[in-house]
Amino acid sequence: MSKERIRDQILSDAENEGRLIEETAKKRGEEIVSAAMERAEKERKETEREVKEKTQSVYEKKEASARLESAKILLSEKRKVIDGIYAIAKERLVTMEKEETIALASKLLTRYAEDGDEIVFATNYKYVAEVALLPIVEKKNLKISKDRVKIDGGFLLLGKKADKDLSYGALLNADREAHQAELAREIF
């Protein structure tokens, strides 16, 4: 074999080997790029999912906050309505006619007064003399105070064991505690 042929053979083998190395490298490069693209796509999808979840969570929190704020406003307005009803009731109690006022005082004294209690009337109570003449006052030996107190109508019972607030404001507050939910159901 001649030198030239050996050299051509070596060059041919080198070219073949170079092409094989180049094809292998190109194939390997394509595999690496493909794997990187798959990882990038997977990470992109994962990021989109996380963003969607976080966005949904923010929306849900905002919706819950809005519902809560709306409920607070509605409750506040309902309370204003009920406050108005009780304010009207207190005004009506303070301005009751003589017979109604004395009848209410008689019922309250019969129910709550104890023997020897002292009755202290509100400054705006108009029928002190009439209440003093009620049979229950004598029966329970009740004393009528000369002093007056600044309360929402009605009177106080000062007793040996306990004092009782029978002002119209206190009576209405007790009624509100007992019947507010029922009243709200009827109105709203």
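Residues numbered from 1 in each chain as written. Predicted model: local features only at pLDDT ≥ 70, side-chain atom pairs only at ≥ 80, totals over all residues. Heavy atoms only, no water.

With a phi angle near 55 degrees, Asn141 is a residue other than glycine that sits in the positive phi range. Along the chain, Asn141 falls in the loop between helix H4 (135-139) and strand E2 (143-149). Residue classification places Asn141 among the partly exposed positions, given a relative accessible area of 47%. (Helix = DSSP H or I, 4+ residues; strand = E, 2+ residues; numbered from the N terminus. Buried < 20%, exposed > 50% of the residue type's maximum accessible area, 1.4 Å probe, protein only.)

Let's shift gears to a nonpolar patch on the surface. Taken together, the side chains of Val81, Ile85, Ile187 and Phe188 define a hydrophobic patch exposed on the protein surface, amounting to about 300 Å² of accessible area. Residue Ile85 is classed as partly exposed on the basis of its relative accessible area, which comes to 33%. (Patch = residues over 30% accessible without salt bridge, like charges linked within 9 Å, V, L, I, M, F, W, Y side chains within 5 Å. Areas by Shrake-Rupley, 256 points an atom, 1.4 Å probe, with all protein chains shown as cover. Salt bridge = Lys/Arg side-chain N within 4 Å of Asp/Glu carboxyl O.)

With that settled, the discussion passes to the environment of Leu171. Positionally, Leu171 belongs in helix H5 (residues 168-187). Each C-alpha atom, one on Leu171 and one on Lys90, is 9.3 Å from the other, the two residues being 81 residues apart in sequence. Excluding its chain neighbours within four sequence positions, the residues that come into contact with Leu171 are Leu108 and Leu166. (Contact = heavy atoms within 4.5 Å.)

Attention shifts here to the pairing of strand E1 (residues 118-122). Within E1, 4 of the 5 residues are buried, which leaves it mostly tucked inside the rest of the structure. With 4 bridges connecting them, E1 and E2 associate as parallel partners. In the sheet register, Ala122 faces E2, and the bridge partner there is Val149. Bridge count between E1 and strand E3 (residues 154-158): 4 bridges; the pairing is antiparallel. Considered in E3, the bridge of Glu118 is made with Leu158. (Pairing = 2+ DSSP bridges.)

Grouped together as the largest cluster of nonpolar side chains are 26 residues, with contacts concentrated most on Leu109, Ile119, Tyr125 and Phe155. When residues of this core are traced back to their parent elements, those giving at least two are helix H1 (3-94), helix H2 (98-112), E1, helix H3 (128-132), H4, E3 and H5. Here Phe155 is in contact with Ala105, Leu108, Leu109, Ile119, Val120, Phe121, Ala122, Tyr125, Lys164, Asp165, Leu166 and Ser167, once residues within four sequence places are set aside. (Core = buried A, V, L, I, M, F, W, Y, C linked by side-chain atoms within 4.5 Å.)

Quick look at the environment of Leu108 now. With respect to the helices, strands and loops of the structure, Leu108 is situated in helix H2. Each C-alpha atom of the pair Leu108 and Leu166 lies 7.6 Å from the other, and the pair is 58 residues apart in sequence. Those residues in contact with Leu108, other than ones at most four positions away along the chain, are Ala113, Phe155, Leu166 and Leu171.

Pairing within the open sheet is mixed, and its 4 strands lie in the order E2-E1-E3-E4. This sheet does not close on itself; its edge strands, each paired only once, are E2 and strand E4 (164-167). Across the sheet, the axes of successive neighbouring strands diverge by a mean angle of 25 degrees, strand direction being ignored. Against the sheet, H2 makes contact with E1, E3 and E4, and its axis sits at roughly 20 degrees relative to E3, the strand it touches most. Helix-sheet contacts for H5 involve E3 and E4, and the interaxial angle to E4 is about 95 degrees. (Axes fitted to C-alpha atoms, helices over the stretch in contact; angles between N-to-C directions.)

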